[in-house]
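What the coordinates show
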Amino acid sequence: MHSRSALPRFTSLLLSLLPVFSSSSSLPQWILQRVPVVLPQTTEPRPAPHFLHPARLDVTSPCDPECHKRAPKRSYWDMMHILAYETLHSDGQLTETAVGIYGYNPNSNTIPAYSSGSGTAERSHVRRKRQIFGHDGRFSIAGQNFLLKYPFSVAVKLSTGCSGTLVGDRHVLTAAHCVHDGKNYVKGAQKLRVGFLKPKQRDSQPSSFSIPSNFTNHVEGGPAPYAPPTNDKMKFQWIRAKRTHVPKGWIKGNANDIGMDYDYALLELKKPHKRRHMKLGVSPPAQRLPGRRVHFSGFDNDRPGKLVYRFCRAGEETSDLLYQHCDAQPGASGSGVYARMWDGRHRRWERKVIGVFSGHQWVERQGASQEFNVAVRITPLKYAQICYWIKGNFVDCREG
């Protein structure tokens, strides 16, 4: 139960966010841009996976942000190898697909549409502890009026223990480590299921608070800390995955290397989920995000059966990764990180998935442990690849 004492704090937060969205002179905008084309070339069978080890919901890496920034630029041929992908079929068969890349300039390390901004974030020198940074800023979403409402309704749970986000009529974006540990596919990946929260019974008590209709538009639905208790009981409806695509950039024989730049996977379900999904977007520089904030919802394992929402200020970034201190626990891995900006073409506000929450990362450097929460950014090339997996053609994937 939430106390009314939380209302002043939340009201203050709400008011602080309003100017970000109400200024007509400086609306944060999605900028459409031409993206490269990533096309499948040849597909060959591969030995069947073993499915021996359970999925690890935390990812460790010896490479911190400076290490990632110092990494040599990848050539065109490197990217062809990295964006080649494996497909795990529900019957246990495994295939590998080579790709061709068109319209890609390996010498450009910027996103052209956003190149006027440096995209450089200040680095935090504050010592952080564990996955909860100071006051726990997560909100458990209660009541089917919120749970079944967009954008919360796009969050799903994987049977391997992770979270995911609906990005197509039958497609779910998640983290690669939720299905593959870098060496082989994890236990349960062959019979992978995706869980959708469904109401078991309706509220028997009416809400005693009036929640404004534009509530989610200002704080992404940030669940009313003052929301009254409900009698809702939720359950999961499960749908089997038909195919799982994992980029070869993740499959390097060891999940603890720089391959976390490609910690994403796409699941194709056996049947449509019949819910609204969230569009993909190319990740803009953090400084271009409204209030420099990112948002995501997932199923943290310390709050079983509950959908947990959070938002926070984006921190340092590389071309492939976004570092932040959003409070999260294992289980939230694979959640879609999104932002809400103005779509000038359609004259409306639009939420788009701009990354995948990889999880809590420990980095050992000079005998000391540093900690980050890391999201994998959707770059133009990743957008082209994931969009093709969803659409099945490149014509619908030229603008991101």
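In this report, the structure presented in the accompanying data block is examined.

Basis of the calculations
Residues numbered from 1 in each chain as written. Predicted model: local features only at pLDDT ≥ 70, side-chain atom pairs only at ≥ 80, totals over all residues. Heavy atoms only, no water. Helix = DSSP H or I, 4+ residues; strand = E, 2+ residues; numbered from the N terminus. Buried < 20%, exposed > 50% of the residue type's maximum accessible area, 1.4 Å probe, protein only. Contact = heavy atoms within 4.5 Å. Areas by Shrake-Rupley, 256 points an atom, 1.4 Å probe, with all protein chains shown as cover. Core = buried A, V, L, I, M, F, W, Y, C linked by side-chain atoms within 4.5 Å. Phe/Tyr/Trp six-rings, centres within 6.5 Å; stacked < 30°, edge-to-face > 60°. Lys NZ or Arg CZ within 6 Å of the ring centre and 35° of its normal. Disulfide = S-S within 2.5 Å. 1 Å grid on protein atoms, 1.4 Å probe; cavity = no way out; pocket = protein on both sides within 12 Å on 5 of 7 lines; lining within 4 Å. Points joined across faces, edges and corners; volume = space filled by probe spheres on them. Nonpolar A, V, L, I, M, F, W, Y, C, P; charged D, E, K, R; others polar. Arc of directions from axis to C-beta. Salt bridge = Lys/Arg side-chain N within 4 Å of Asp/Glu carboxyl O. Pairing = 2+ DSSP bridges.

1. With respect to the overall build of the chain
If you tally the helices and strands in the chain, you get 6 helices and 17 strands. Residue burial in the chain is summarised as follows: out of 400 residues, 55% are buried. Taking as baseline every contact in the chain between residues at least 6 positions apart, the subset at least 24 positions apart corresponds to 78%. For the chain, the computed accessible surface area is about 17900 Å², with 50% contributed by carbon and sulfur atoms.

2. Notes on the nonpolar core
The biggest cluster of nonpolar side chains holds 74 residues, and the ones touching the most others in it are L83, L173 and L280. Discounting chain neighbours no more than four positions away, the residues touching L83 are V38, V99, I101, Y262, Y264, L381 and Q385. Core analysis: the second largest hydrophobic core is formed by 17 residues, L289, F296, C326 and M341 among them.

3. Notes on the packing of aromatic side chains
The final tally for this structure, using the stated rule, is 10 aromatic pairs. Taken together, the ring pairs in this structure connect Y85, Y262, Y264 and W389 into an aromatic cluster. Note that R276 overlies the ring of Y150, its terminal NZ or CZ placed 3.6 Å from the centroid. For the cation-ring pair, K382 lies above Y262, with the distance from its terminal atom to the ring centre recorded as 4.9 Å.

4. Some points on the state of the cysteines
The tally for this structure, following the rule as stated, stands at 3 disulfides. Sulfur-sulfur distance for the disulfide between C312 and C326 comes to 2.0 Å. Negative torsions about the S-S bond denote left-handed disulfides, and the value of about -95 degrees found for C312 with C326 makes this one left-handed. With a gap of 14 residues between them, C312 in strand β13 (residues 307-317) and C326 in the loop between β14 (321-324) and β15 (336-343) connect regions that are remote in the sequence. The class of C312 is buried, set by a relative accessible area of 12%. Among the residues examined, C326 registers a relative accessible area of 1% and is labelled buried.

5. A look at empty space enclosed by the protein
This model, assessed by the stated rule, comprises 7 cavities of 30 Å³ or more. Taken as a whole, the second largest cavity holds about 60 Å³ of empty space. The wall of the second largest cavity is formed by P151, F152, V154, A155, T165, S297, G336 and Y338. Residues of the lining of the second largest cavity, tallied by class, amount to 5 nonpolar, 3 polar and no charged.

6. Some points on helix α3 (residues 76-83)
Every buried residue belonging to α3 is among M79, I82 and L83, and all of these are buried. The buried side chains of α3 occupy one side of the element, clustering within an arc of 85 degrees when seen end-on. In this structure, α3 carries W77 and H81 as exposed residues pointing more than 90 degrees from its buried face.

7. With respect to the pattern of salt bridges
Overall, the coordinates contain 13 salt bridges when judged by the stated rule. One salt bridge connects K382 with D320, and the closest N-O pair in it is separated by 2.9 Å. Remark: D320 occurs in the loop between β13 and β14 and K382 occurs in helix α6 (residues 380-391); sequence separation between them is 62 residues. Since its relative accessible area comes to 7%, D320 is described here as buried. Among the charged side chains, a network of salt bridges with common partners joins E44, R46, E86, E96 and K248.

8. Some points on the side chain of T379
Tracing the backbone through its elements, the reader meets T379 in the loop between β17 (368-377) and α6. Overall, the relative accessible area of 13% leaves T379 in the buried class. When sequence neighbours within four positions are dropped, the list of residues in contact with T379 reads V282, S319 and D320.

9. What to know about the pairing of strand β6 (residues 163-166)
By the alternation rule, side chains of β6 split into S163 and T165 and G164 and L166, which are all buried. Counting the residues that bridge the hairpin from strand β5 (residues 155-158) to β6 gives 4 residues, and of these G161 lies at a positive phi of roughly 110 degrees. Pairing geometry for β6 and strand β7 (residues 171-174), over 2 bridges, is antiparallel. Note on β7: the bridge partner recorded for L166 is V172.

10. Looking at the side chain of H171
Positionally, H171 belongs in strand β7. Assessed through its relative accessible area of 7%, H171 is described here as buried. With near-sequence residues (within four places) excluded, H171 lies in contact with T165, L166, L266, L267, E268, H273, W389 and I390.

11. Topic: the environment of S283
Structurally, S283 can be placed in the loop between β11 (279-280) and β12 (293-298). Taking relative accessible area as the criterion, S283 reaches 2% and is therefore assigned buried. Spatially, the C-alpha atoms of S283 and P380 are 8.2 Å apart, while their sequence positions differ by 97 residues.

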